[in-house]
Amino acid sequence: MTRLVAAPYAQRCCGVTCVWLAACCWLVSPVSWAQDADSLTRQLSSAVSLRLVTTAPEHFSLSGIEVTKSDEPLFAVTVDSALDVKTPAMLGTYERRKDSLRFYPRFPLSPRVTYHVRLSEKLKRKFPDHPELRFTLPKPPAPTPVVDGVYPSASELPENLLKFYVHFSQPMSRGEAYRRITLWRDDEPVEDPFLELGEELWNARQTRFTLFIHPGRIKRGLKPREDIGPALSAGNQFKLRIDAGWVSAAGEPLDQTYEKQFSVVSPDHEQPNPERWQLDTPDRATRQPVRLRFDEALDHAMLQRVLTVHWRDGPPVPGHVAVTDGESSWSFVPATDWAAGTYAIHIAANLEDLSGNSIARPFEVKMQQQVAASPSTNIAVEFVVR
Amino acid sequence: MLRIQLRRKLALCMWLTSLVLPGQLLADHHGMHQGNPQLKQAGPLAFGPDGVLFVGDSMGGAVYAIETGDNSGTGNAAVNVDGLNQQIAAKLGTSAEETLINDMAVNPASGSIYFSVSRGRGPDAQAVIFKADAKGELTEFDLTDVHFAKADLNDAPDASQKYRGRSMRASAITDLQFVDGRVIVAGLSNEEFASKLRVLEFPFSDQQQSSSIEVYHGAHGRLETASPVRTFITYENTVLAAYTCTPLVTIPVEDLTGQKITGKTVAELGNRNNPLDMIVYRKGEQDYLLLANSARGVMKMELSKAALDATESINSRIRGTAGLGYETLDQFENVVQLDKLNDQHAVMLVQSSAGQVDLKTVALP
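So, how was this worked out
- Starting from 1, residues in each chain are numbered consecutively following that chain's sequence as written.
- Whichever chain is written first becomes A and whichever ligand is written first becomes 1, with later ones labelled in order.
- Reporting in this predicted model follows two pLDDT cut-offs: at least 70 for local features of residues, and 80 or more for side-chain atom pairs to be given and counted; totals over whole chains, interfaces and linings ignore these cut-offs and use all residues.
- As a convention, hydrogens and water are excluded, and side-chain values are obtained from all of the structure's heavy atoms.
- Any two residues whose heavy atoms approach within 4.5 Å are treated as being in contact.
- Buried surface area refers to the total accessible area, computed with a probe of radius 1.4 Å, that the two partners give up upon joining, counted for both partners together.
- By salt bridge we mean one thing: a side-chain nitrogen of Lys or Arg within 4 Å of a carboxyl oxygen of Asp or Glu.
- Counting of polar contacts relies on pairs of N or O atoms within 3.5 Å, with two restrictions inside protein: one atom must be capable of donating a hydrogen and the other of accepting it, and residues adjacent in sequence are counted only when both atoms are side-chain atoms.
- Only DSSP runs of H or I reaching four residues or more are called helices, and only runs of E reaching two or more are called strands; each is numbered from the N terminus.
- Three classes are used, and their members are as follows: Ala, Val, Leu, Ile, Met, Phe, Trp, Tyr, Cys and Pro are nonpolar, Asp, Glu, Lys and Arg are charged, and the others, Gly among them, are polar.
- Throughout this description, the term nonpolar core refers to a set of buried Ala, Val, Leu, Ile, Met, Phe, Trp, Tyr and Cys residues connected via side-chain atoms within 4.5 Å.
- Each residue's exposure class comes from its accessible area (1.4 Å probe, protein chains only) as a fraction of the maximum for that residue type: buried when under 20%, exposed when over 50%, partly exposed otherwise.
- Domain delimitation in this document rests on an assignment produced automatically or drawn from a domain database.
- Ring geometry is summarised as follows: Phe, Tyr and Trp rings, the Trp one being its six-membered ring, pair when their centres sit within 6.5 Å, and such pairs are stacked at plane angles under 30 degrees, edge-to-face over 60 and tilted between the two.
- The criterion is that NZ of a Lys, or CZ of an Arg, lies within 6 Å of the ring centre and within 35 degrees of the ring normal, and then a charge sits over that ring.

Asks: Help me get a handle on the interface of chain A and chain B, residues and values and all.
Replies: If you look at the interface, chain A gives 77 residues, while chain B gives 68 residues. Summed over both partners, the interface of chain A with chain B buries about 6200 Å², with 55% contributed by carbon and sulfur atoms. Our enumeration of links across chain A and chain B arrives at six salt bridges. Across the contact surface, chain A and chain B share 18 residue pairs in polar contact (both at pLDDT 80 or more). Broken down by element, the residue count for the side of chain A that touches chain B peaks at five residues, all from helix 4 (residues 223-228) of chain A. Broken down by class, the residue content of the side of chain A that touches chain B amounts to 38 nonpolar, 18 polar and 21 charged.

Structural data, given as structure tokens:
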């Protein structure tokens, strides 16, 4: 068994094709072809066939032909390009067998991509009427993605709002977020309102996208804000629009364009203050929630993560967190009934409000101001279950 | 005597171990081990000594150091590849739309150009590294059985994670550079407005704790804010950094040991703009900074240590431009990545509105 690295001879071949032709070749190909669950076959002659095997390991197999040691592989696989550029052969390895030659692509084949098998000059002479050897794997069915929600969920947001979280029902595709999300003021698009990062800020599953308002348009005294003003201005109506053209990782577009409408109110420069929060405590032998009611909306994502309930100095109590009332209420339901005793809610001091002011420090600190706590400090709110 | 015997036994054990252990356990240059780095994403790139490639992996929360063994060559030839993204996509067996070129870096030891690539745009996208040689020939840099080391960047997992499932918090690495035995990593969280530079000693060690420095920006002398770094480079023991809120600031390298630093604003890069990439080069007796921007083209700025030191921090309200002056170079448009190829040339990735990405070699202006 000999393995060769794919030779790039196909680079010299013409790469001009069209997807339409590829699609039609299934119908008009002059040679016979067959398709079963695992393979797609084209007959070059009664004895010679080319087969795409789609079960692992995926490979192209030219069989019924004597394979000799040759400097030139008998075929190469390229990707059809919609543009007029010559494209090189796919990476992969050849395996020479007694009466067949196999090509194992280096990467899994993609649905919706048309693969073009180009025969060597020797085989072209042998099969002058060779058909267009193109293969397109069908797109497997995938669910239609929807926008599950946008946070902050309130309909009134501060002028110095720092970020939105957009939640999707399916993993979405990276690389087009800033084309698909736009901000509108009274039906006029707001110019360059977002911090655009090539890296894009996703969670690991790519179901939540974090969209920062451009900090240069929030921070007072910086050139972008001085020149063109804040992205959001108090007293106006805005829409955050998520375009239906945005596709999921599986290639399915959103079910519809999503809009979040909101009005903008005065900026918030105050830090969250736990002394102003209200606490509802549960009864023993129940699974009533322990609840914190804030005097303002706080960051939806951080509320899920940075508050934990502990019994004395023990590890976090297992349970479920809910964030409600426009992110101004946090509650925790334990996995088992409350036991009597003293508990504490540990709160990370980097917990932010909608404007990036944290318990530890405001978003914009006056230069001589002493901040109260380190961002890594935890604050404990104790409660007793009776 | 006992110590000598122990040493002999230890040496014997090590020799025997080397015979029986698989290759990936054997230490090699720069404290690296042989094996397959399991990159979840290939993001920002930078080169260190002896052709060591640093790769930022935002999804994996790590920086990898990978020995390329690519230590010869000059990089004197101009390298141009039209439709680079289509060429790479074709080799990957997919479409250009499903191929993202995340970063580009020139290996100064060979002049070869490296690209970090995502094959696919979903969470399961594969991380791939490509290399273009002096003729523009593209080859995959195979990550199988390479010598590599990994430095984890993630904070300790939340104590509650075990009960609440996987956290949705992640950090994006926005840039990284190798400077005097240290790898400096800039990043941004997808939750809190964190603004941290992490400093990793290289060679990496398993027990390494990266130091993490909060980065701030003082605006018009009254207010100070956390300021994530978008892109940066080092020059004369100074970090030149473009903040996400667009000022260009300086931070002395010697200050990268504390817990908090405030960059000195030496230039404002303008509104409706997003700094993307920068290089420093020398022409004649003068040093220059070349900076690619999303909306304001490529800027060229004269640099000198004395001028940077002498420039007063911009701390008053800005009208027009202030601080160090710059010239916008009209001949370069739609540049999304930059690196220095050699003393006379730079390479650029130029992206058209139709999405085609070309690799171009240009004379340093």
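The discussion continues.
Asks: Before we move on, could you go through the nonpolar core and cite the residues and values that matter?
Replies: Residues and elements named next belong to chain A. If you look at the biggest cluster of nonpolar residues, it comprises 41 residues, and the most contacted ones within it are Phe164, Phe168, Ile181, Phe209, Leu240, Trp246 and Phe262. Looking at this core, the elements with two or more residues in it are strand 11 (147-151), strand 13 (163-168), helix 3 (177-180), strand 14 (181-185), strand 16 (201-202), strand 17 (208-212), strand 18 (237-242) and strand 19 (258-265). The two domains that each donate at least three residues to this core are domain 2 (147-265) and domain 3 (274-385). Every residue in contact with Phe164, bar those within four places of it in the chain, is listed here: Val150, Tyr151, Pro152, Leu157, Phe209, Thr210, Leu211, Ile213, Leu240, Lys260 and Phe262. Counting 29 residues, the second-largest nonpolar core is a separate cluster that includes Leu50, Val77, Val113 and Leu119.

Asks: Can you explain the pattern of salt bridges? Please cite residues and give values.
Replies: By the definition in use, this model includes 28 salt bridges over all chains. Close ionic contact of A:Lys139 with A:Glu252 constitutes a salt bridge, the shortest N to O distance being 2.7 Å. Highlighted residues: A:Lys139 in the loop between strand 10 (134-136) and strand 11 and A:Glu252 in the loop between strand 18 and strand 19, separated in sequence by 113 residues. We classify A:Lys139 as partly exposed; its relative accessible area is 33%. Between A:Arg305 and B:Glu191 there is a salt bridge, with the nearest N and O atoms lying 2.7 Å from each other. In this pair, A:Arg305 is assigned in helix 5 (residues 300-305) and B:Glu191 in the loop between strand 11 (182-189) and strand 12 (196-201), connecting two distinct chains.

Asks: Which residues make up the packing of aromatic side chains, and what values do they have?
Replies: Each aromatic ring pair is described using two quantities: the centre-to-centre distance and the angle formed by the ring planes. Residue and element names in this part refer to chain A. Across all of its chains, the model carries 29 aromatic pairs over all chains by this definition. Ring centres of Phe60 and Phe103 lie 6.5 Å apart, and the angle between their planes is 40 degrees; this geometry places the pair in the tilted category. A residue pair is termed long-range when its members are at least 10 positions apart, and Phe60 in strand 5 (residues 59-63) and Phe103 in strand 8 (residues 100-105) qualify at 43 residues. The buried category is assigned to Phe60, whose relative accessible area is 0%. Looking at Phe103, the relative accessible area reads 0%, which means it is buried. The interplanar angle of 65 degrees and the centroid separation of 5.8 Å between the aromatic rings of Tyr178 and Phe209 together place this pair among those described as edge-to-face. Highlighted residues: Tyr178 in helix 3 and Phe209 in strand 17, separated in sequence by 31 residues. Overall, Tyr178 belongs to the buried group, its relative accessible area being 16%. One aromatic cluster is present, built from ring pairs that chain together Phe60, Phe75, Tyr94, Phe103 and Phe135. Taking the ring centre of Phe107 as reference, the NZ or CZ of Arg106 above it sits at 4.3 Å.

In short, geometric facts, not functional conclusions.
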